[in-house]
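Below are the chains, spelled out letter by letter.
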Amino acid sequence: MPFNLNVNGKTVTVDVPGEMPLLWALRDVLNLKGTKYGCGIAQCGACTVHVDGVASRSCSIPVSTVGNKKVTTIEGLSTDGRHPVQIAWQDVDVPQCGYCQAGQIMTAAALLAKTPKPSDEQISTGMSGNLCRCGTYVRIHEAVKRAAGLPTAPRTTQTARAAAE
Ligand code: FES
Ligand code: FES
């Protein structure tokens, strides 16, 4: 059955079963592969996109329920990869394997849109639903603070760490 979706500012039509998770429509029909499948049961955050600006688990949203809400994926977060969260992520060298990172970035961007100057506790709470098997949590926390323009400890980039080893 065809459904019109608003994805990254464009109206697109997907002809899929209504119960299909939004994640599959994004990845397999619209070829937006930045959003990842992790658990499929709303437990890991790898599939996080924005739905009307709210960080949402696309693995657990049936396409039939999306309607005309605005869906933003990592591909649509900025036109040039220069969203403040993306810049901070690069500055801090956050990713390790990278698999969870699109979800992390989308959650961080939604957090900062709602709370531009979050406390450490608000960052920890806001990011707590996004799991990272590589354990990049300290760098994620630092990058969120940098994106918010908050003071951080002296940078320890992967390059600096490698040089120190
Ligand atoms: S894949 Fe959606 S929360 Fe894990
Ligand atoms: S960077 Fe590997 S799972 Fe997060």
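Residues numbered from 1 in each chain as written. Chains lettered and ligands numbered in written order. Predicted model: local features only at pLDDT ≥ 70, side-chain atom pairs only at ≥ 80, totals over all residues. Heavy atoms only, no water.

1. What about the side chain of Lys-145?
- Residue placement: Lys-145 occurs in helix 5 (residues 137–147).
- The contacts of Lys-145, once residues within four sequence positions are left out, are Asp-120, Ile-123, Leu-150, Pro-151 and Thr-152. (Helix = DSSP H or I, 4+ residues; strand = E, 2+ residues; numbered from the N terminus. Contact = heavy atoms within 4.5 Å.)

2. Let's talk about the nonpolar core
- If you look at the biggest cluster of nonpolar residues, it comprises 21 residues, and the most contacted ones within it are Val-85, Trp-89, Met-127 and Val-144.
- Here the element with the most residues in this core is helix 3 (residues 101–114); it accounts for seven residues.
- Those residues in contact with Val-144 that lie beyond four places of it in its chain are Trp-89, Ala-108, Leu-111, Leu-112, Ile-123 and Met-127.
- Core analysis: the second largest hydrophobic core is formed by 16 residues, Phe-3, Leu-32, Val-49 and Val-66 among them. (Core = buried A, V, L, I, M, F, W, Y, C linked by side-chain atoms within 4.5 Å. Buried < 20%, exposed > 50% of the residue type's maximum accessible area, 1.4 Å probe, protein only.)

3. Considerations on the domain arrangement of the protein chain
- According to the domain assignment, the protein chain contains domain 1 (2–77) and domain 2 (84–164).
- Distance from the C-alpha centre of domain 1 to the C-alpha centre of domain 2: 23 Å.
- Summed over both partners, the interface of domain 1 with domain 2 buries about 1200 Å², with 63% contributed by carbon and sulfur atoms.
- If you look at where domain 1 meets domain 2, you find zero salt bridges.
- Between the two partners, domain 1 and domain 2, sit five residue pairs in polar contact (both at pLDDT 80 or more).
- Elements that contribute at least two residues to the side of domain 1 that touches domain 2 include exactly strand 3 (48–51) and strand 4 (54–57).
- In the side of domain 1 that touches domain 2, the residues fall into six nonpolar, eight polar and two charged. (Domains from an automatic or database assignment. Buried area = accessible area lost by both parts, 1.4 Å probe. Salt bridge = Lys/Arg side-chain N within 4 Å of Asp/Glu carboxyl O. Polar contact = N/O pair within 3.5 Å; in protein donor to acceptor, adjacent residues only side chain to side chain. Nonpolar A, V, L, I, M, F, W, Y, C, P; charged D, E, K, R; others polar.)

4. A short note on the sheet that holds strand 4
- Across the sheet, which stays open at both edges, the five strands sit in the order 2-1-5-3-4 with mixed pairing between neighbours. In this open sheet, the two strands that pair with only one neighbour each are strand 2 (10–15) and strand 4. Looking at each pair of strands side by side, their axes are set apart by 45° on average, direction ignored.
- Of the pairings in the sheet, the one linking strand 3 to strand 5 (residues 70–72) comprises two bridges and is antiparallel in character. Paired with Val-51 across the strands is Val-71, a residue of strand 5.
- Packing against the sheet, helix 3 makes contact with strand 3, strand 4 and strand 5, and its axis sits at approximately 35° to strand 3. (Pairing = 2+ DSSP bridges. Axes fitted to C-alpha atoms, helices over the stretch in contact; angles between N-to-C directions.)

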